[in-house]
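Commentary on secondary and tertiary structure
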There are 2 protein chains.
Amino acid sequence: MPGKTKYEQIAEKMVKLIESGVLQAEQRIPSLRSMSHQTGTSIMTVIQAYRLLEDQGMIESKPQSGYYVRPDYYYKHRQAVVLPEAQIQTLRTEADEVKISNIIEKLVKPLDYNNVIPLGSGLQAPSFYPSEQLSVHMSRAVRSDPAGLNRYCFEAGHETLRRELAHRMMEAGCNTSAEDIIVSAGASQALFISLKALTEPGDAIAVESPGYYGFYALMERLQLRAVEIPCDPQTGLSLPDLESALQKNQKIRCVLLSANLSNPTGASMPEASKKTLADLCRKQEVPVIEDDVYGELSFRLLRPRALKSYDPENIIYIGSMSKTLAPGYRVGWIAAGKYRRQVLDYYHCVVMSSNLPTQLAVASFLKSGGMAHHLRRLHKTHQENMFNFRNKIAASFPSGTRISNPLGGYFIWIELPEQVDSVILAEKLLAQNISIAPGIIFSAGKNYRNYIRLNCALQWGPGVAKAIETVASEVKRSVAD
Amino acid sequence: MPGKTKYEQIAEKMVKLIESGVLQAEQRIPSLRSMSHQTGTSIMTVIQAYRLLEDQGMIESKPQSGYYVRPDYYYKHRQAVVLPEAQIQTLRTEADEVKISNIIEKLVKPLDYNNVIPLGSGLQAPSFYPSEQLSVHMSRAVRSDPAGLNRYCFEAGHETLRRELAHRMMEAGCNTSAEDIIVSAGASQALFISLKALTEPGDAIAVESPGYYGFYALMERLQLRAVEIPCDPQTGLSLPDLESALQKNQKIRCVLLSANLSNPTGASMPEASKKTLADLCRKQEVPVIEDDVYGELSFRLLRPRALKSYDPENIIYIGSMSKTLAPGYRVGWIAAGKYRRQVLDYYHCVVMSSNLPTQLAVASFLKSGGMAHHLRRLHKTHQENMFNFRNKIAASFPSGTRISNPLGGYFIWIELPEQVDSVILAEKLLAQNISIAPGIIFSAGKNYRNYIRLNCALQWGPGVAKAIETVASEVKRSVAD
């Protein structure tokens with residue numbers, strides 16, 4: 001700032017702090033001593049600066065306390081907080097130009113937009129989670145051992161939680177001990193760690209298609225090549241296709257899938273197929289990463305077995321409490337079998353020490369036995385919602401539409417008439433405050449352009465029903481075009 | 001298991017679950033229906049298996065409730081939990097054969113060993129943290145907004161916390177807005193993300209030497225090459241050496257240092273040097289990562305300015321609440337300047353959604369104004385401890401010992417007589433239940449073999465004084481050898 005005196009420079013700095021909202025109304029500004037130290041100027045210079053600000057009505061001094069931001073000035077001059085607006089940009093959708101992560105960011109996760117009905121997201125309505133109970137458990141946990149939960153935890157998670165998670169895995173048919181479990185801050189982190197542990201940039205990964213867009217976005221980021229293996233909406237990953245891919249391509253470094261209630265299709269592999277897949281990959285010495293975050297959301301009386309139960313060593317299992325209990329508490333886990341050492345190496349880089357308070361809150365909830373009751377209630381809600389969604393879709397969408405009928409989870413996968421471009425559809429709907437997930441984000445090869453995924457985990461009501469009708473109208477319009 | 005009938009196989013599976021502790025005394029075992037489903041056998045087969053276990057006294061049935069593990073059997077047969085023992089392995093210390101991370105794991109972080117006096121660790125005594133106050137804030141936070149804290153947080157941290165952190169950065173002379181801050185689960189994660197955002201495997205990083213062993217261990221893991229820039233125990237990073245390294249080596253991808261209260265030396269760069277460094281790196285277009293986790297632990301009345309205050313754009317600032325307030329709550333942050341986009345890309349892979357309850361607990365504590373009082377108390381404790389440590393060391397170590405005199409933090413860096421090998425020293429001391437940090441872990445080139453770092457953040461008392469005497473005796477013995 002040439003030509004400005006030192007005290008003017010300090011005054012300008014303060015103006016910026018106030019107008020950008022770092023300093024707010026009635027907040028104490030740095031002391032003379034602190035500001036003199038920060039700026040390397042004399043106390044007298046700072047006094048001059050503060051007097052200037054006082055004269056201009058920006059700050060006021062309070063006896064024996066210091067200088068404060070004047071509310072009248074603050075509220076007049078505080079820059080409007082720049083909130084992201086629902087600007088709909090037209091995506092360049094030519095192949096190889098669009099990054100999946102960009103589409104997701106623009107169309108699927110417009111969380112900052114108010115009033116969007118999130119048919120495209122993976123988020124459930126807040127009322128679906130037992131958050132009040134959970135906060136009672138949290139409260140109890142931190143108060144009963146304040147210092148014990150405020151320490152570094154260099155182990156791979158707290159013992160009590162790992163024991164509870166081992167129990168949950170037992171229900172999935174796995175004989176996994178608490179010592180085998182590595183607690184992560186959610187399944188995405190677990191997936192990142194597992195993929196980094198097994199692969200190098202440039203490696204090829206066999207992945208189900210359509211498959212969770214998080215798989216494809218992460219592979220994109222980690223410079224991994226996707227070898228897409230078709231996933232049938234009923235029976236899941238195609239074994240013949242996997243087998244031929246493994247034979248053709250010697251360099252497939254791992255197989256990545258959700259064997260139970262896959263996202264977006266809701267497919268669950270038959271038990272016999274799981275066993276065949278596990279045997280095949282063991283023989284070919286290709287590790288498997290099983291993302292089982294929806295496994296506990298099966299509508300059946302008993303949850304389906306984990307793929308890992310068919311090969312505890314060669315399959316890296318990833319679980320999470322985010323879809324069932326506590327998205328905000330960040331509890332996921334990895335049971336890495338014989339890849340434990342590699343996974344831990346990367347885990348320590350990313351996690352170093354894990355979050356004790358939220359681990360203990362979740363452990364305490366699980367230990368209390370509250371999960372069984374909660375899951376029954378959640379399944380019922382999902383099942384009713386799925387029923388309402390499917391009925392509404394069947395009644396309003398044009399002929400030629402095909403909809404999935406999953407036995408759990410909360411996604412519906414819809415095949416629209418061939419001429420519909422779901423990216424354009426998503427853009428049009430977002431302009432009407434409705435999000436949908438366009439099919440192309442569920443693959444790397446930009447397939448499934450005439451597919452969409454809808455999220456049924458919303459509070460059912462006239463608003464949601466209306467939104468489905470709006471989607472249907474737009475689809476019909478696209479067909480007519 | 002050939003030759004075994006199905007029901008015997010199921011019984012064996014249950015025995016394993018009990019003996020490995022997955023199922024514990026008086027715990028309910030899977031229902032008949034669940035086990036039949038998990039194992040793909042008929043209910044009758046499971047009944048046979050359970051009757052066999054019942055006959056052998058392993059389980060008992062309770063009317064209308066199910067089968068339970070019998071405590072008498074459990075306690076008799078439960079395998080002893082295998083705890084890591086304090087086995088001292090002799091390290092192979094030839095250059096290029098030892099990995100820093102292995103030495104750290106064996107000598108510095110023996111946390112599972114009971115009764116070790118952790119002079120080698122970086123952990124502070126639990127009583128140094130205001131954990132009870134913090135748990136009151138946590139309790140209030142989760143109870144006042146249970147659902148609000150149990151949701152995904154896709155932003156780079158909760159707004160309230162980011163605002164508080166922006167204030168703390170203001171005290172360090174930075175005009176960083178809440179919008180510029182990315183909340184991470186601690187500083188190690190922040191460092192991982194920042195390094196991954198800026199570098200590729202094989203890249204060279206200019207890093208202070210001696211410097212935090214976490215820097216070197218992480219560079220090792222990420223296959224980065226360390227260009228070691230000498231760090232003076234008083235004035236910190238040597239600017240002439242940095243300048244010549246940047247001129248010689250065109251490929252230095254970033255500079256990594258702690259400009260304030262560097263670990264292990266406790267060095268703080270003079271303000272003029274900070275400015276010179278910031279200007280130099282901007283001109284050379286080399287980004288800087290500033291790890292400022294000890295900045296708030298200065299004994300001076302006012303904390304030193306952050307390096308970032310001299311160049312908000314080119315310097316990635318990393319802060320943390322782990323050294324000052326809450327190691328267990330996992331709150332660190334990144335202010336990435338012009339590298340924000342790259343850092344966020346990697347951040348989303350690693351974090352996806354951040355932990356809301358612990359963020360809000362820390363935010364609430366900060367907002368209450370409790371930090372100023374707590375830090376004054378903490379500084380006093382550290383300063384007294386430092387005084388006691390230095391006196392004891394001066395009185396007991398052999399002549400030829402040189403000890404640092406840092407103006408903050410809680411580490412003392414000690415140069416021992418040249419003939420002392422501190423790795424051997426550390427091994428001998430660990431056998432006597434005392435850990436120390438050997439100098440060689442603070443560099444990549446295995447320098448500082450006759451240096452050690454001691455942790456003064458322990459509850460001072462006769463035990464600690466005695467431990468220092470033991471270290472001194474072993475040092476004298478090494479000198480005599």
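Residues numbered from 1 in each chain as written. Chains lettered and ligands numbered in written order. Predicted model: local features only at pLDDT ≥ 70, side-chain atom pairs only at ≥ 80, totals over all residues. Heavy atoms only, no water.

**Details of the confidence of the model for chain A**
All names here are of chain A. Across chain A, pLDDT averages 89, with 93% of residues at or above 70. Scored below 50 in pLDDT, residues 79-97 shows 24 contacts in the model against residues more than four places distant or in partner chains. The ipTM for the predicted assembly is 0.85, set against a pTM of 0.86. (pLDDT = per-residue confidence, 0-100. Contact = heavy atoms within 4.5 Å.)

**Section: the sheet that holds strand β4 (residues 181-184) of chain A**
As a general point, the strands of a sheet are linked pairwise by backbone hydrogen bonds and lie either parallel or antiparallel. Residues and elements named next belong to chain A. Spatial strand order, β4-β11-β10-β9-β8-β5-β6-β7: eight strands in an open sheet with mixed pairing. At either margin of the open sheet sits one strand with a lone partner, and together these are β4 and β7 (236-237). Helix α10 (residues 239-248) contacts β5 (204-209), β6 (225-232), β7 and β8 (252-257) of the sheet and is inclined by roughly 155° relative to β6. (Pairing = 2+ DSSP bridges. Helix = DSSP H or I, 4+ residues; strand = E, 2+ residues; numbered from the N terminus. Axes fitted to C-alpha atoms, helices over the stretch in contact; angles between N-to-C directions.)

**Some remarks on the sheet that holds strand β11 (residues 332-335) of chain B**
All names here are of chain B. Read across the open sheet, the eight strands follow the order β4-β11-β10-β9-β8-β5-β6-β7; overall the sheet is mixed. The sheet is open, and its two edges are formed by β4 (181-184) and β7 (236-237), each paired on a single side. Its contacts with the sheet put helix α8 (residues 159-171) on β4, β10 (315-320) and β11, and the angle it makes with β4 is roughly 110°.

**Details of the interface of chain A and chain B**
Buried accessible area, meaning the area lost when the parts come together, often serves as the stated size of an interface. Each side of the interface is counted separately: chain A has 85 residues, and chain B has 84 residues. Applying the counting rule to chain A against chain B returns two salt bridges. Run the count over chain A and chain B and you get 33 residue pairs in polar contact (both at pLDDT 80 or more). Mapped onto the side of chain A that touches chain B, the elements with two or more residues apiece are α1 (6-19), α2 (32-39), α6 (131-144), α7 (159-171), α8 (187-198), α9 (213-221), α12 (340-350) and α13 (356-367) of chain A. The greatest single-element share of the side of chain A that touches chain B, amounting to nine residues, is contributed by α6(A). In terms of residue class, the side of chain A that touches chain B is built from 37 nonpolar, 26 polar and 22 charged. (Salt bridge = Lys/Arg side-chain N within 4 Å of Asp/Glu carboxyl O. Polar contact = N/O pair within 3.5 Å; in protein donor to acceptor, adjacent residues only side chain to side chain. Nonpolar A, V, L, I, M, F, W, Y, C, P; charged D, E, K, R; others polar.)

**Digging into the relation of the copies chain A and chain B**
Structural alignment of chain A on chain B gives an RMSD of 0.1 Å, achieved by rotating through 180° and translating 0.0 Å along the axis. Look at the turn and shift together and you get a two-fold axis relating the two. Among all residues of chain A, the minimum C-alpha distance to the rotation axis is found for A:Ser139, at 2.3 Å. Here 99% of the contact residues of chain A are again contact residues in chain B; the copies associate through an equivalent surface. (Least-squares fit on C-alpha atoms with pLDDT ≥ 70 in both.)

**Let's talk about the pattern of salt bridges**
Residue and element names in this part refer to chain A. The tally for this structure, following the rule as stated, stands at 36 salt bridges over all chains. Two residues, Lys-274 and Glu-271, come together in a salt bridge whose shortest N-O distance is 3.0 Å. Note that Lys-274 and Glu-271 are positioned in helix α11 (residues 271-283) at a spacing of three residues, about one turn of the helix. Taking relative accessible area as the criterion, Glu-271 reaches 26% and is therefore assigned partly exposed. Taken together, the salt bridges that share partners define one network made up of Lys-275, Asp-279, Arg-282 and Asp-311. (Buried < 20%, exposed > 50% of the residue type's maximum accessible area, 1.4 Å probe, protein only.)

**Structural notes on helix α6 (residues 131-144) of chain B**
Counting along an α-helix, one turn takes 3.6 residues, and residues three or four places apart therefore face a common direction. In a regular helix each residue adds 1.5 Å, so 14 residues correspond to 20 Å; α6(B) covers 20 Å between its end C-alpha atoms and thus fits that length. For α6(B), the full list of buried residues reads B:Ser131, B:Leu134, B:Ser135, B:His137, B:Met138, B:Ser139, B:Ala141 and B:Val142. Check the buried side of α6(B) and you find it contacts α6 and α13 of chain A together with α7 (146-149) and α14 (356-367) of chain B. (Expected span 1.5 Å × (residues − 1).)

**Quick look at the packing of aromatic side chains**
Inspection of every chain in the model, using the stated rule, returns 31 aromatic pairs over all chains. Ring geometry for A:Tyr448 against A:Tyr451: centres 5.6 Å apart, planes inclined by 90°, an arrangement best described as edge-to-face. Taken together, a centroid distance of 5.2 Å and an interplanar angle of 75° make the contact between B:Tyr50 and B:Tyr67 edge-to-face. In this pair, B:Tyr50 sits in helix α3 (residues 43-55) while B:Tyr67 sits in strand β2 (residues 66-69), placing the two residues 17 residues apart along the sequence. The ring of A:Tyr68 has A:Lys62 sitting right over it, with the charged end atom 4.5 Å from the ring centre. (Phe/Tyr/Trp six-rings, centres within 6.5 Å; stacked < 30°, edge-to-face > 60°. Lys NZ or Arg CZ within 6 Å of the ring centre and 35° of its normal.)

**Overview of the pairing of β11(B)**
All names here are of chain B. Residues Gly-332 and Ile-334 point to one face of β11 and Trp-333 and Ala-335 to the other, with burial holding for every one of them. Bridge count between β4 and β11: four bridges; the pairing is antiparallel. Counterpart to Ile-182 in the pairing with β11 is Ile-334. Examined bridge by bridge, β10 and β11 share four bridges and lie antiparallel to one another. Each residue of the ladder has a partner; that of Gly-319, found in β11, is Trp-333.

**Quick look at unusual backbone geometry**
Phi is mostly negative for residues that are not glycine, and the peptide bonds are mostly trans. With an omega of 0°, the peptide bond between A:Ser209 and A:Pro210 qualifies as cis. Within the secondary structure, A:Pro210 is located in the loop between β5 and α9. Of note, the bond from B:Asn263 into B:Pro264 is cis; its omega dihedral lies within 30 degrees of zero at 15°. Tracing the chain through its elements places B:Pro264 in the loop between β8 (252-257) and α12 (271-284). A positive phi angle, close to 60°, is found at B:Tyr448, a residue other than glycine.

**Describing a positive patch on the surface**
A cluster of basic residues, A:Arg140, A:Arg143, B:Arg140 and B:Arg143, forms a positive patch at the surface. Among the elements of the structure, α6 of chain A together with α6 of chain B are those that each provide at least two residues to the positive patch. On the secondary structure map, A:Arg140 appears in helix α6. (Patch = residues over 30% accessible without salt bridge, like charges linked within 9 Å, V, L, I, M, F, W, Y side chains within 5 Å. Areas by Shrake-Rupley, 256 points an atom, 1.4 Å probe, with all protein chains shown as cover. Lys, Arg positive; Asp, Glu negative; His and termini not counted. Charge placed at Lys NZ, Arg CZ, Asp CG, Glu CD.)

**Let's talk about empty space enclosed by the protein**
Enumeration over the complete set of coordinates arrives at eight cavities of 30 Å³ or more. Among the secondary structure elements, those contributing two or more residues to the lining of the largest cavity are β4, α12 and α13 of chain A together with β4 and α14 of chain B. Among the residues forming the lining of the largest cavity, the class breakdown is 12 nonpolar, 14 polar and two charged. (1 Å grid on protein atoms, 1.4 Å probe; cavity = no way out; pocket = protein on both sides within 12 Å on 5 of 7 lines; lining within 4 Å. Points joined across faces, edges and corners; volume = space filled by probe spheres on them.)

**Focus on the environment of B:Ser399**
Within the secondary structure, B:Ser399 sits in the loop between α15 (370-396) and β12 (402-403). Sequence-wise, B:Ser399 and B:Pro417 are 18 residues apart; in three dimensions their C-alpha atoms are separated by 7.9 Å.

**A few points about the nonpolar core**
Of all hydrophobic cores here, the largest spans 232 residues; its most connected members are A:Phe192, A:Leu195, A:Phe397, B:Phe192 and B:Phe397. Not counting residues up to four positions away in its chain, the partners in contact with A:Leu195 are A:Ile205, A:Leu218, A:Met219, A:Leu222, A:Leu224, A:Cys254 and A:Ile289. (Core = buried A, V, L, I, M, F, W, Y, C linked by side-chain atoms within 4.5 Å.)

**Considerations on the side chain of A:Ser135**
With respect to the helices and strands, A:Ser135 occurs in helix α6. Sequence-distant contacts of A:Ser135, defined by excluding residues within four places in its chain, comprise A:Tyr329, B:Val142, B:Arg143 and B:Pro146.

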